[in-house]
Amino acid sequence: MSRIVAVVSGGIDSVTMAHHLAAGGHRLHLVAVDYGQRHRRELDCARAAARRLGTGYDEVDLTAVGRLMRGSSLTDPTVPVPDAGRAPVGPNPDIVPNRNAVLLAVAYTVAVVERAHAVAFGVMADDVGPSDTSPAFLDAFLAMERIATRGQGSADLGLLAPLITLHKHEVIALGEELKVPWERTWTCFRGEELHCGSCAACVERRTAFVTAAVEDPTEYRC
C-alpha cells in the first residue's frame, strides 16, 4: 500500500481515478487547484470526492496565476466558450497552455510534505496529444521533479497516469464498476447552473455515456 497525492479536478476522469486508487488500497491525499477556471463548480465535486473517500484534501488558490492565462475560454472571460465543432480557426480556445505543468508542480510540493510515493494524474487516452498530456511530457516532468525534490522527497518518487490507456467510455465503465456517483462530477466548460450540453466537454460526456451503455444522470440545459 503506497501513499499517493492525486490531482483531482472534480471531473469524470480524475474522480474515477481517485476511486480506482482507493479501491486498490492506496492511501490518498487529494489536491484540487482553483486557477480561476470558468467551470470552478468542479471544485465542489473534488471536495465531495475527498469526503466520500475519507482522504486528506488541499484546495490551492492560484487565481492570481489564472489571471495570467489569458486567451483561453476556460480562464479568460473575454473569450467565449465555443459549442462543440465550432471553435475558430487557430489554437483551440478550450486549452490552457502549460496548465498541467502548474498543477503537477503544486502536487509534487504536497507530495514532498506528505511523504508520498507518487503523484497521480487523470489524463486518459483521448487527451493524449503532443503537448502537456503526452507520455513524453509526463516522463520529462517526472525526471525534472526527481531532481527538484532530491534529498527531500521519496527517492523513487513516481508519476502515475492509471487511465492513460482508457478512452472516455472505458473510464465511465470503470467508474460504474466502482460506483462513482456521476451526479457528483462536473464537466461543462461554461460552469453554469446546469451542464450546457453543447460545449466540447459536454458533448464528449454525453457521447461517452451512450457508448458505455451507462445511464447518464446529468441534467443538460439543451
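What counts and how
- Residues numbered from 1 in each chain as written.
- Predicted model: local features only at pLDDT ≥ 70, side-chain atom pairs only at ≥ 80, totals over all residues.
- Heavy atoms only, no water.
- Buried < 20%, exposed > 50% of the residue type's maximum accessible area, 1.4 Å probe, protein only.
- Helix = DSSP H or I, 4+ residues; strand = E, 2+ residues; numbered from the N terminus.
- Pairing = 2+ DSSP bridges.
- Right-handed = clockwise from strand over helix to strand, strands pointing away.
- Core = buried A, V, L, I, M, F, W, Y, C linked by side-chain atoms within 4.5 Å.
- Contact = heavy atoms within 4.5 Å.
- Axes fitted to C-alpha atoms, helices over the stretch in contact; angles between N-to-C directions.
- Phe/Tyr/Trp six-rings, centres within 6.5 Å; stacked < 30°, edge-to-face > 60°.
- Lys NZ or Arg CZ within 6 Å of the ring centre and 35° of its normal.
- Left-handed = near helix turned anticlockwise from the far one by under 90°.
- Nonpolar A, V, L, I, M, F, W, Y, C, P; charged D, E, K, R; others polar.

Visitor: Requested: an account of the pairing of strand β2 (residues 27–34), with residues and values cited.
Guide: In terms of burial, β2 is largely enclosed, as 7 of its 8 residues are buried. For β2 and strand β3 (residues 56–61), the ladder comprises 6 bridges, and the chain directions are parallel. Residue pairing for β3: H29 is matched across the bridge by G56. In this fold, β2 hands off to helix α2 (residues 42–53), which returns the chain to β3; that crossover is right-handed.

Visitor: Hey, could you go over the nonpolar core for me, with residue numbers and the actual values?
Guide: One finds V5, L104, V119, F121, L159 and C199 to be the most contacted residues of the largest nonpolar core, which totals 37 residues. Every element with two or more residues in this core is listed here: β1 (3–7), β2, α4 (99–113), α5 (135–148) and α7 (200–212). Looking at this core, the element that brings in the most residues is α4, giving 8 residues. Setting aside residues up to four positions removed in sequence, F121 forms contacts with V7, M17, N100, L103, L104, L138, L159, L160, A161 and P162.

Visitor: Account for the sheet that holds strand β4 (residues 118–120), with residues named and values stated.
Guide: Backbone hydrogen bonds are what pair the strands of a sheet, in a parallel or an antiparallel way. Sheet architecture is open: 5 strands sit in the order β3-β2-β1-β4-β5, paired in parallel fashion. Since the sheet does not close on itself, it has two edges, and those belong to β3 and β5 (158–160), each with one partner. In this sheet, adjacent strand axes meet at a mean angle of 25° when their direction is disregarded.

Visitor: Lay out the packing of aromatic side chains in plain terms, naming residues and giving numbers.
Guide: Inspection of the entire model under this criterion finds 3 aromatic pairs. Plain terms: the ring middles of F137 and F141 are 5.7 Å apart, the flat faces sit at 45° to each other, and that makes the pair tilted. A residue pair is termed a helical-turn pair when its members lie 3 or 4 positions apart in one helix, as F137 and F141 do in helix α5 at 4 residues. Just as F137 is buried, F141 falls in that class too. Between W182 and F209, the ring centres sit 5.6 Å apart and the planes meet at 90°, which makes this aromatic pair edge-to-face. With W182 in the loop between α6 (168–177) and α7 and F209 in helix α7, the pair connects residues that are 27 residues apart, well separated along the chain. Ring pairing ties together the aromatic residues Y108, F137 and F141, which thus form one cluster. The lysine or arginine in question, R41, covers the ring of W186, its NZ or CZ lying 4.4 Å from the ring centre. When the ring centre of Y220 is taken as reference, the NZ or CZ atom of R206 above it lies at 4.1 Å.

Visitor: Pulling in residues and values, what's your account of the packing of α4 against α5?
Guide: It is the contact of α4 with α5, at a shortest axis distance of 11 Å, that shows an interaxial angle of 40°. Crossing of α4 against α5: the hand is right-handed. On the side of α4, the interface is formed by N100, A101, L104, A105 and Y108, while α5 contributes F137, L138, F141, L142 and E145. In terms of residue class, the contact of α4 with α5 is made up of 8 nonpolar, 1 polar and 1 charged.

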